[in-house]
Amino acid sequence: LISTHRVSRVIIIARHRFLLTMMSPSPTSTPQHLGEDVSSTWFDRLITPLNACSLETCAPISDGPDHIPEVGESKSAQGDVVPLVIGCYQLNEPSVEGLPRGGNIPPLENQNEDDRTTDDAVVEKSSRRGELRLHMIPSTSSSPNNEHIHDDGNANGILAFSDVACVVQMESGVLDGKWRRRCKTYQPSVGGCYETIPLFASACASGRIHVHSLEKKESLAPPSKSWSLSQLASSEEHSSHDGTSLCLSLAWNDFDDSPDAESDQIVSSYSNGTVALHKVSKAQPGRVSGEVKINDGNRECSIGIEEMHRWNAHTMFGCPSEVWTCSFLRGDENIVLSGADDCCLKIWDIRQTQRPTHKISDSEFEAGVTAISPHPTLSHIFAAGSYDEYVRIYDHRKIDKPMTKVCVDGGVWRIKWHPSCCEDGGRGHSDGKMLVAAMHGGCRIVNVPGLHSNGDIGAAEILSKFTAHESMAYGADWVWFGKSGYEAAATCSFYDRQAFLWDPLNRKLD
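Reading guide: rules and limits
- Residues numbered from 1 in each chain as written.
- Predicted model: local features only at pLDDT ≥ 70, side-chain atom pairs only at ≥ 80, totals over all residues.
- Heavy atoms only, no water.
- Helix = DSSP H or I, 4+ residues; strand = E, 2+ residues; numbered from the N terminus.
- Buried < 20%, exposed > 50% of the residue type's maximum accessible area, 1.4 Å probe, protein only.
- Areas by Shrake-Rupley, 256 points an atom, 1.4 Å probe, with all protein chains shown as cover.
- Salt bridge = Lys/Arg side-chain N within 4 Å of Asp/Glu carboxyl O.
- Polar contact = N/O pair within 3.5 Å; in protein donor to acceptor, adjacent residues only side chain to side chain.
- Contact = heavy atoms within 4.5 Å.
- Core = buried A, V, L, I, M, F, W, Y, C linked by side-chain atoms within 4.5 Å.

Caption draft 1: Examining the overall build of the protein chain more closely. Each helix and strand in the protein chain was counted, giving two helices and 36 strands. Within the protein chain, buried positions represent 58% of all 510 residues. With an accessible surface of roughly 21300 Å², the protein chain has 46% of that area assigned to carbon and sulfur atoms.

Caption draft 2: Just the pattern of salt bridges, in detail. Per the stated rule, a full pass over the model turns up 14 salt bridges. Taking the shortest distance from any N to any O, the salt bridge between glutamate 56 and arginine 414 comes out at 4.0 Å. Of the two residues, glutamate 56 sits in strand 2 (residues 51-57) while arginine 414 sits in strand 30 (residues 414-417), which places them 358 residues apart along the sequence. By relative accessible area, which is 0% here, glutamate 56 ends up buried. Across the salt bridge formed by aspartate 176 and arginine 414, the nearest N and O atoms sit 2.8 Å from each other. Linking aspartate 176 in strand 7 (residues 174-180) with arginine 414 in strand 30, this pair joins segments that are 238 residues apart in sequence. With respect to class, aspartate 176 is no different from arginine 414; both count as buried.

Caption draft 3: Representation of the side chain of threonine 491 in the model. Inspection of the secondary structure puts threonine 491 in strand 35 (residues 487-493). Overall, the relative accessible area of 0% leaves threonine 491 in the buried class. A distance of 2.7 Å separates the side chain of threonine 491 from the side chain of histidine 469, its partner in a polar contact. Those residues in contact with threonine 491, other than ones at most four positions away along the chain, are Leu55, Leu435, Cys443, Phe466, His469, Gly475, Ala476, Gln498, Ala499, Phe500 and Trp502.

Caption draft 4: Fine view of the nonpolar core. The biggest cluster of nonpolar side chains holds 21 residues, and the ones touching the most others in it are Leu84, Ile86, Val479 and Leu501. Elements with a contribution of two residues or more to this core: strand 1 (42-47), strand 2, strand 4 (80-92), strand 35 and strand 36 (498-502). If one sorts the elements of this core by residue count, strand 4 sits on top with four residues. Every residue in contact with leucine 84, bar those within four places of it in the chain, is listed here: Leu55, Glu56, Thr57, Arg133, Leu134, His135, Ile137, Phe161, Val479 and Ala490. Membership of the second largest hydrophobic core comes to 20 residues, among which are Ile393, Ala438, Val446 and Ala460.

If you want it as structure tokens, here you go:
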């Protein structure tokens, strides 16, 4: 037990250095022809100005004129675009005479005032800079260097990043972000009614959550420049006795599809060991914190975000433990999952949070729990990832041991189920396929055969891997235009500021 926690504590120190240190300049070039150590082909690549910490995509939407976007509405890939947001984080450090830039981490234990060093003072004066970068991935590439994939004839061209559609300067570094797959938001342009439009929530180093909506500009700009993110709401800053904590992760409640619901839920996790529930809703002006007014000239409402409940969720050695990940779970509206650096995955009933209903600890996980991803359509099923380099699949009803697990040769930071698993009641052609960001190990495509069956599932397997990233791979999501369209994995890495679109099927190019 002690050795397990010691390993986890060493990793947390490295993670603090990752979060709080100014990174070295990104490489100026990457070989266009992949070497033997890279197992998949990449379609496109870009360099972000700041360190790339998260990458999230939304379902394809139509790019037609005067169109109000609705998530998942497309019937054909032709003319569609996939919204992709890269969340960036960078520490801007002041220079101190006699002290080199970079390499500063905050004290991990309580210190007396007399014990404080110049290094600590530098961290306090440092500012965390962040931004959201929106790209609209078109279903067809206009690149003059367009290649073709001939293996199965499914794709006629290579997907490519468009020019950045907009850049949103944030008040602090962005550590995580999520699209709301279906949500209710006031849309004055259609007579003050509710429409399902894409919303994006970001978790920031300031401890705050910001909510933006995807909007089509009324301009003659090219398609790649005609979309923007508009801020709707921000949570209030939450300060504790030990100062402001970082918001490390968040998740929407994507499993409440009630057409009458006028509010959404977000669960978020923090560096001070807490987990919080927020409500995102329409409200009368002045009634909800963090509100933004919307007025169509006839009537007014506000979209706001309000913290409803917060509890102490994880500790280690009597001190708060960083809660790296959290999520809701399909099949039980009262369940929240959390994973932390204490090597524990905990299951909470939000009606009473004095103690978890179940806990999976270091008898299973050999290091911190860093990723939780519920299956989009199969109730009670979720994937969990850890610094111990394993992806595990669990059934909430039989939580004592994982259904299956697989080693991905790197600490797991993101797990994303394939979008096709949302089809046919969770029995789509890729119901058990996942994209995994495995930090120093690159990225993996993992599959669990027979996951939708009522009998025994097959052993989890690795279908392909991608190792072109030259540093820790943290962000990952799918670019998918439906069964008849294109498909790519989109991933990003922090230190080298790179983002890739690559082929998850590992096909060869002419």
